[in-house]
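Residue strings, one per chain:
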Amino acid sequence: MSSDIPDSVILFAFGLTMFAGLSTGIGAAVAFFAKKTNTRLLSTALGFSAGVMIYVSMIEIFQKSKESLISELGEAQGYTAAVLAFFGGIFLSAIIDKLVPSGQNPHEQVSLSEISDVQNAVKRQKALYRMGIFSAIAIAIHNFPEGLATFFSAIEDPALGISVAIAVAIHNIPEGIAVSIPVFYSTENRKKAFFLSFMSGLAEPVGALFGFFFLLPFFNGLTFGITFGIVAGIMVFISLDELLPTAEQYGEHHLTIYGLIAGMAVMAVSLLLFV
């Protein structure tokens, strides 16, 4: 199937994945140059990102998985396979979370007061530097499946890929902050902090490369359906486990919900435009 996909589509998918992954660098820049983070805006943006990802996963990506698997396996078996793939994606994400120690897991939320303490704790340089390094590693681990999701979404539907890439990029910004702040305050080296934050985002294009070399050559209706079911599960887990709790942590509950609904609405309109 991979030979039937135009090179331009593959390059476009790689480009979107690179954009989504390297948006961690935006978070690093925000941490350096913004005098004060606009937490209300950040909360709304994260809710918006969750809305996009949940809607597109449940309404579009899962449906494509189900349709593909039904065409290959029949109504009952195909639907069952799609459901199993979806929850398999959730289970995979949960395993990844469990494998990363909670102290270095970017999904374990840090309060604003704790961030303030980090900024004032220059004396604890070694501990801060270690926190930044482990945060970069943990974020890279989490970004790998997101790279797969962005890449295969763009392969199937460029418009869908753009929506997924934007949603992933938005939630990568605070992850960039999580890496750059500890490293910068422990080393006072802006370049090193930015570099580590930037590099943690490279796991997403690495995930896309893995998909290209190891999954795309075997793509057919069956593998496509299973992959998309897994992708949908991964994106729903990320939204519920990471985006919404982080949004609640940074701002007001209602701002998060308004952002969530707005993200769903924008995603619905954008999909209708391409029907």
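Just so you know, the residues in each chain are numbered from 1, in the order the chain's sequence is written. Only residues with pLDDT of at least 70 are given local features in this predicted model, and only at 80 or more are side-chain atom pairs given and counted; all residues enter the totals for whole chains, interfaces and linings. Side-chain descriptors were evaluated using all non-hydrogen atoms of the structure, hydrogens and water having been removed beforehand.

Caption draft 1: Here's a closer look at the pattern of salt bridges. By definition, a salt bridge exists where a carboxyl oxygen of Asp or Glu is found within 4 Å of a side-chain nitrogen of Lys or Arg. The tally for this structure, following the rule as stated, stands at two salt bridges. For K64, the salt bridge is made with E60, and the minimal N-O distance between the two is 3.6 Å. Taken together, the positions of K64 and E60, both in helix α3 (residues 39–73) and four residues apart, correspond to about one turn of that helix. Take K64 and E60: they sit in the same class, and that class is buried. E156 is paired through a salt bridge with K64; the nearest N and O atoms lie 3.5 Å apart. Of this pair, E156 sits in helix α6 (residues 125–156) while K64 sits in helix α3, and the two are 92 residues apart along the sequence. The way it works is that DSSP assigns letters per residue, a run of H or I at least four long becomes a helix, a run of E at least two long becomes a strand, and they are numbered from the N terminus. A simple rule labels every residue: compare its accessible area, found with a 1.4 Å probe on the protein chains alone, to the largest value its type can have, and call it buried under 20%, exposed over 50%, or partly exposed in between.

Caption draft 2: Inspection of the packing of aromatic side chains at higher detail. Stacked, edge-to-face and tilted labels apply to pairs of Phe, Tyr and Trp rings (six-membered ring for Trp) whose centres lie within 6.5 Å, assigned for plane angles under 30 degrees, over 60, and everything in between, in that order. Under the counting rule described, the total for this entry stands at 10 aromatic pairs. Centroid distance F210 to F214: 5.1 Å. Interplanar angle 35°. Geometry classified as tilted. Of this pair, F210 and F214 are both found in helix α9 (residues 203–215), four residues apart, which corresponds to roughly one turn of the helix. Judged by its relative accessible area of 52%, F214 falls in the exposed class. Joined through ring pairs, the aromatic side chains of F14, F151, F152, F212 and F213 make up one cluster.

Caption draft 3: Molecular detail of a nonpolar patch on the surface. Distance thresholds for patches are 9 Å for like charges and 5 Å for nonpolar side chains (Val, Leu, Ile, Met, Phe, Trp, Tyr), applied to residues having over 30% relative accessible area and no salt bridge. Method for areas: the Shrake-Rupley scheme with a 1.4 Å probe, in which residue coverage is limited to the protein chains shown. Together, F12, F19, I162 and I166 make up an exposed nonpolar region whose accessible area comes to about 330 Å². Among the elements of the structure, α1 (7–21) and α7 (158–187) are those that each provide at least two residues to the nonpolar patch. Mapped onto the fold, F12 is located in helix α1.

Caption draft 4: Inspection of the environment of L73 at higher detail. Mapping L73 onto the fold places it in helix α3. Sequence separation between L73 and G221 is 148 residues, and the spatial gap between their C-alpha atoms is 9.7 Å. Two residues qualify as a contact provided that any one of their heavy atoms is within 4.5 Å of a heavy atom in the partner residue. With near-sequence residues (within four places) excluded, L73 lies in contact with G78, A81 and L222.

Caption draft 5: α3, seen in detail. Each residue after the first adds 1.5 Å to the expected span of a helix. For α3, with 35 residues, the first-to-last C-alpha span of 48 Å sits near the 51 Å given by 1.5 Å per residue. Taking the largest bend as the criterion, α3 deviates by roughly 45°, centred on S57. Two residues or fewer past α3, G74 is found with a positive phi of approximately 100°. Bend, at a single residue, is the angle you get between axes fitted to the 7 residues ending at that residue and the 7 residues starting at it.

Caption draft 6: Spatial organisation of the nonpolar core. Remark: nonpolar core denotes a set of buried residues (Ala, Val, Leu, Ile, Met, Phe, Trp, Tyr, Cys) joined through side-chain atoms within 4.5 Å. Membership of the largest hydrophobic core comes to 46 residues, with the highest contact counts inside it found for M53, V56, I61, F151, F152, L216 and M235. The residues touching V56, leaving out its near neighbours within four places in the chain, are I61, L160, V164, M235 and M267. Formed by seven residues, the second largest nonpolar core is a distinct cluster that contains A136, V179, V183 and L196.

Shape is all these values report; function is a separate question.
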